Amino acid sequence: MNRPLVSTALVVATAALLGGCASSQATYVDPASTRTLSNVGEINVQDWNMAAESMINSLIAKHINSGSVKGSGPDGRAVLAISRIVNNTSIQVDTDMLVKKIRVALLGTGKVVVDITAGLGGPEDPLAAEAKREQQFLGTQKVSGRPDYTLSGKIIENRTRQGNQRESTYVFQMALATRDGLAVWEDEKTITKQGKRAPVSW
Amino acid sequence: MNSNTVRALATATLMALLGAGCQTVNTTETAQPAFQRNLVSEKRVITDASLARKVQILGVNVSDGPGGFLKVQAEVQNTTRRYQRFAYKWEWFDKDGNLVEGPSSVSIIRQVEGKESLFINGVAPNPSVRDYRLKLYENAR
């Protein structure tokens with residue numbers, strides 16, 4: 001083999017190796033699409049999206065679209081507060097991945113406003129809570145005291161295995177209650193995923 | 001084993017293998033339904049002929065609730081004898097044709113058995129929505 005041929009082969013091999021390195025560059029993916037990654041043991045972006053979409057559609061179709069939603073908020077809009085969302089899964093999740101989407105959608109309907117000064121773990125916005133207390137104390141402006149509705153929920157997990165096939169089921173449950181403590185809307189969305197267990201590497 | 005037996009066995013094995021992925025659905029319903037769907041005329045743009053051959057939209061009906069939110073229901077049928085997976089996404093438009101975005105405008109994955117039909121429901125994110133578009137995607141995971 002002559003020397004120029006060896007040099008050319010070396011250049012081509014180096015270029016190929018460098019090209020391979022460049023492939024580790026990150027690629028942007030639309031989080032609303034089905035191109036995001038998903039696995040069996042976790043609640044992925046697609047799962048949160050599907051659970052939120054189901055809950056939003058159900059809440060609008062079964063409750064808000066009935067025209068019965070009226071409240072003490074501005075322009076007669078209903079005031080909603082977020083109650084406890086229990087995570088009964090074995091994984092640590094931020095339930096705002098679900099709740100925030102629902103809140104945004106409900107606000108977008110023009111029929112609901114969310115009270116961010118009421119919350120089980122303290123107000124979401126402490127400054128807004130302080131301003132509200134001040135308004136209530138001074139009585140300068142009409143401030144709604146209690147929310148008209150509260151939203152609560154639970155996420156449950158069920159795992160099973162058959163051979164090297166694994167299955168995870170995540171159940172999203174939500175309820176909307178009035179001031180009287182009566183649930184006026186409830187729904188459940190179940191998402192099941194299957195996958196093969198990765199082979200053990202030594 | 002003579003050649004006829006071998007041929008018969010091979011044919012049976014091939015049929016069994018081909019039939020393994022085919023599970024169709026038998027349905028029953030009233031001959032004269034008590035409801036009447038408000039079916040709308042649609043314009044279809046098909047760029048994925050492969051998906052259009054497998055999953056077809058049979059009809060779309062639209063209704064409006066007292067709250068003024070548009071509710072759309074599309075009936076989709078798997079025209080093949082095989083289990084299919086697809087994704088769909090709703091897009092909503094106001095009276096001026098502007099896209100109304102929201103957290104519910106995401107791709108949703110559905111599965112449909114061979115020859116089965118199912119309904120896809122969409123609810124407008126707010127009462128200003130006057131029109132819709134339904135997108136179907138193939139190769140959903």
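Since the structure is predicted, the reported quantities are computational estimates derived from the model, not experimental observations.

A few words on the side chain of T117(A). All names here are of chain A. By secondary structure assignment, the location of T117 is in the loop between β2 (112-114) and α4 (126-138). With a relative accessible area of 18%, T117 lands in the buried category. Side-chain polar atoms of T117 contact the side chain of D115, separated by 2.5 Å. For T117, the side chain forms a polar contact with the side chain of K132, separated by 3.3 Å. With residues near it in sequence (within four places) discarded, T117 still touches P123, A128, A129 and K132.

Should their charged atoms come close, side chains of opposite charge can pair. With the rule as written, the count across this model stands at 11 salt bridges over all chains. With a shortest N-O distance of 2.6 Å, K193(A) and D47(A) are connected by a salt bridge. With K193(A) in strand β5 (residues 183-196) and D47(A) in helix α2 (residues 45-62), this residue pair connects regions lying 146 residues apart in the sequence. As far as burial versus exposure is concerned, K193(A) and D47(A) are alike and both buried. Linking R130(B) and D64(B) is a salt bridge whose minimum nitrogen-to-oxygen distance equals 3.7 Å. You can see R130(B) sitting in strand β7 (residues 129-137) and its partner D64(B) sitting in strand β1 (residues 55-64), a full 66 residues away along the chain. On the basis of relative accessible area, R130(B) is assigned to the partly exposed category, the value being 40%. When salt bridges that share partners are traced, they join E91(B), R133(B) and K135(B) into one network.

What follows deals with the interface of chain B and chain A. Reports often express the size of an interface as the amount of accessible area lost when the parts come together. Contacts between the two partners involve 23 residues from chain B, matched on the other side by 26 residues from chain A. When chain B packs against chain A, the two sides together hide about 1800 Å² of surface, and 60% of this comes from carbon and sulfur. Scanning the region where chain B abuts chain A turns up 4 residue pairs in polar contact (both at pLDDT 80 or more). Elements with a minimum of two residues in the side of chain B that touches chain A: β3 (84-94), β5 (108-112) and β6 (117-123) of chain B. Taken together, the residues of the side of chain B that touches chain A break down into 12 nonpolar, 9 polar and 2 charged.

About the thresholds
Residues numbered from 1 in each chain as written. Chains lettered and ligands numbered in written order. Predicted model: local features only at pLDDT ≥ 70, side-chain atom pairs only at ≥ 80, totals over all residues. Heavy atoms only, no water. Helix = DSSP H or I, 4+ residues; strand = E, 2+ residues; numbered from the N terminus. Buried < 20%, exposed > 50% of the residue type's maximum accessible area, 1.4 Å probe, protein only. Polar contact = N/O pair within 3.5 Å; in protein donor to acceptor, adjacent residues only side chain to side chain. Contact = heavy atoms within 4.5 Å. Salt bridge = Lys/Arg side-chain N within 4 Å of Asp/Glu carboxyl O. Buried area = accessible area lost by both parts, 1.4 Å probe. Nonpolar A, V, L, I, M, F, W, Y, C, P; charged D, E, K, R; others polar.

Interpretation in functional terms is not warranted from these geometric data alone.
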